[in-house]
Every structure is written in structure tokens, then in C-alpha cells.
Amino acid sequence: MKTELDQIKQAGLQRSLYSVMTAPTGRAVLDGREVILLGSNNYLGLSTHPEVVKASAEAVRRYGTGASGSRLITGNCQLYSDLEVKIAEAKSTEAALVFSSGYLANIGTIPALAGEGDLILSDALNHASLIDGCRLSKATTHVYRHCDLAHLGLLLAQSGKFRRRLIVTDGVFSMDGDIVPLPETCNLAETYDAMVMVDDAHSFGVLGRSGGGTVEHFGLEGREIIQMGTLSKAIGGLGGYVAGSQVLIEFLMNRARGFIFTTGLPPATLAGAATAIDMMQATPELRQRLSSNARQLKNALLEEGFPLLPSETQILPLILGSAEVVSQFADALLAHGVYAPAIRPPTVPEGTSRLRLSVMASHTAEDLQSAIAGLVAAKSTLHTNS
Ligand SMILES: Cc1ncc(COP(=O)(O)O)c(C=O)c1O
């Protein structure tokens, strides 16, 4: 382990932990110092919304801190059904199933849907939890070039005899911020009799008029799409879900090991998430503020000549190349009072290490100005040092 750790350190790929000592809003205290937070997924600021906090607090007082069992034994409660009804409504599906995390939802659902003798087609930039789901499934997995419909179509056309075909893709790509071409992906799926599973982790609460995610964004309600997502990002809590047909949900309850073999979520988390979904739907201004904040930061950074990927969302990746350079940049940025995580391989492909800037609705104009000033100052430090 020591030898391997030394190799990780030498390659500039060591991971370490910061302590966030306040709520994750525009400004937070990180390891004892106040910073502008450009690394949180609390996109709408709902983790501190007074109504959400109140609902969570009431649930903890009433039910205690934990679920005390897996959902199929003693860990289920009415709060689950209430939350699942809300998710299904938000997603325009017949039903939904809540898992204890988004990671568990993916590693539970994919192997339930596909196994030996089946084919999975997976976007090259999919999240690790989708990749792990594919690995666990033992299905034949072909990776198609990122959002490349021609490549996906070719792989489907050449696929030959498989029992089932499953296309899996991020909705908003977690490290790139771009949006899947879902209508065209679904058309290909229909042509080749494949299922589509979209991971809305970074789009639920964000895309679509009422925050429903990629399906609402593209107006694809009514199409047979397996919509997975998390309650841990714009919803501000914890938990994963899958939304789709009643048959799918019943099937997953019986087949998804990531659902069956783990403890249910704490009641406070369920109550908080249900209220956060209400708030997310009732407050479109939060979505508008998020999108205008993202636009403001993006335009300012492009004007300053920063190499941003062409993201259309709140995730703005600043591509810096090597792991070493991105780590130096992140350190320099922190010294200027701004935190953004350095994302390196294996999270992203070799040579594409980046700062992942994520914007929140709770950032004020002043926060964004200070963030831009910090980024410009960090860039000049880097040039001076090199
Ligand atoms: C695209 C994507 N899918 C799934 C997950 C896992 O979700 P969770 O953090 O709720 O386990 C994440 C978050 O890390 C993600 O970015």
C-alpha cells in the first residue's frame, strides 16, 4: 500500500480531505478560513432552506435518527411513499423508487436491467457509478465516443444478437457540464430496440421549466426512459432514485441489490427531500438565478481568456491539462480565497485535468466578482512560477 501510495503522490494524483465548517452556501469556512465556494453541488441552496430544515428537524424529533433496517425489512415508512409520489410527479412517470444514494441506485439498477448475454452501450464520459454498474452487470459493455450519435448508431447497428440492449448516459455530464442529446439517443434506441437510462444527478432541479431534468428539458415526457437521479445535489440532501413505469419499479424492488441489501435513509433525510422538491418546484426564481449566475461567470472567464469547455449549465470546467498544473492552480486559487476542486485522472481522461467550477443560486454578484478576481490572480501566479 505504501509503495502504491508513493506512486500516486509522485504522479500528482493524491486525494486529501478539506473540512467544510459551515453550510455549503456561496461563502463557506474551509479548514478555518472563509472562501468563495465554487465546488458545491448544492446548486439551489436548498440544503439550508428554512422549510427544508424545519421538515427535517420535525422528522428527526418524531422518528429518531435512523431507519434501523433495509427498506424491505423494517426501514420503510410513509415518508418514502410521499417522496416517491413527488419524484414520479416531477418526472412525469408512473412510479419512482428511492435508494440510499445515487451511487447505490446506479450500481443496483444497471445489473438488474442487464446481465450476461445483454449489451450495454455507455457514453465515454459517464460517471463512475454508471461505469461501476456496467462492470458489476457482467453484460458486454461497449463505450461510445462522448455524445457521438453516429458512433452509438454504428455500435447498435453492428450489435447482433443480444437478449437486451441498454444505453446508459449522464443527463448533464458531471465533469463537463454539457447536456446529452436525449431526443436523438431515444430515437436510436427505438430503432434498435434498446432501453435508455439517463442519470439526472446534475439536472434534476436545474433543467426543465419545473426542474424535472433532461426529459422535461427536451419535452420527452411519455417516452419510455429510465430516469435515474440523486437527491444529493440540487435537492440538497441524500439519496438516489429511479423513476419510470410501475413494472420497472416493481422489478427493481425485487432485483436491484443496491436497493435490497442496504439500510433505508434516515426519516429526516426523506422529509427534507420531499420539502426540498416542493420548494424547487415552487421557486423557479432559484433556477433562473442559477442560470444567470452561471452565464455571468462563464462570460467573464471567457473574456479573460480562460480555456472553458463549452458547457451550457452550472458546471464550468476549466481545462488545464496535467494533474500537476491543476493542483498548483487549485492551491493558488485557495490562497486567493476561492475553492474549486482539482479534477484529475482517473475521474477524467489523462491530459484533461481541470478545475470544476460549480455555480450556485446562492452566489451573490459580489461573490462572483471576487471569484473572477481570484481566478485571474491565480492564473498570473501560475505564469510567474512557470
Ligand atoms: C452523474 C452522477 N451520478 C451519480 C452520482 C452519485 O450520486 P450520490 O452522490 O447521490 O451517491 C453522482 C455524484 O457523485 C454523479 O455526479
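Please refer to the structure higher up on the page.
Note that the structure is predicted; figures quoted are calculated from it, not measured. (Residues numbered from 1 in each chain as written. Predicted model: local features only at pLDDT ≥ 70, side-chain atom pairs only at ≥ 80, totals over all residues. Heavy atoms only, no water.)

Novice: Can you walk me through the site of the ligand in this structure?
Specialist: For the ligand, the set of nearby residues contains 14 residues, the closest of which are Tyr103, Asp199, His202, Ser232 and Lys233. Between an oxygen atom of the ligand and a side-chain N or O atom of Lys233, the distance comes to 3.1 Å. Coverage of the ligand by the protein amounts to 84% of the 390 Å² it exposes when considered alone. Judged by its atoms lying within 2 Å of the grid points, the ligand is housed in the largest pocket. With three residues, the single largest contributor to the shell around the ligand is helix H4 (residues 102-113). Tallied by class, residues from the shell around the ligand come to two nonpolar, nine polar and three charged. (Near = heavy atom within 4 Å. Polar contact = N/O pair within 3.5 Å; in protein donor to acceptor, adjacent residues only side chain to side chain. Areas by Shrake-Rupley, 256 points an atom, 1.4 Å probe, with all protein chains shown as cover. 1 Å grid on protein atoms, 1.4 Å probe; cavity = no way out; pocket = protein on both sides within 12 Å on 5 of 7 lines; lining within 4 Å. Sits in = over half its atoms within 2 Å of the grid points. Helix = DSSP H or I, 4+ residues; strand = E, 2+ residues; numbered from the N terminus. Nonpolar A, V, L, I, M, F, W, Y, C, P; charged D, E, K, R; others polar.)

Novice: Quick question: what am I supposed to make of the pattern of salt bridges here?
Specialist: Oppositely charged side chains can form a pair if their charged atoms are brought close together. A complete count under the given rule lists eleven salt bridges for this structure. A salt bridge links Arg27 to Asp367; its shortest N-O distance comes to 2.7 Å. One end of the pair, Arg27, is in strand E1 (residues 27-30); the other, Asp367, is in helix H14 (residues 365-385), with 340 residues separating them in the sequence. Classification of Arg27 as partly exposed rests on a relative accessible area of 31%. A residue is classified by how much of its surface remains accessible, and Asp367, at 4% relative accessible area, is buried. Here Arg354 and Asp176 are joined by a salt bridge, their closest N and O atoms 3.2 Å apart. Placement of Arg354 in strand E13 (residues 353-358) and of Asp176 in the loop between strand E6 (165-170) and helix H7 (182-191) is noted, with a sequence separation of 178 residues between them. We note that Arg354, like Asp176, is buried. Residues joined by salt bridges that share partners form a network here, namely Arg27, Glu34 and Asp367. (Salt bridge = Lys/Arg side-chain N within 4 Å of Asp/Glu carboxyl O. Buried < 20%, exposed > 50% of the residue type's maximum accessible area, 1.4 Å probe, protein only.)

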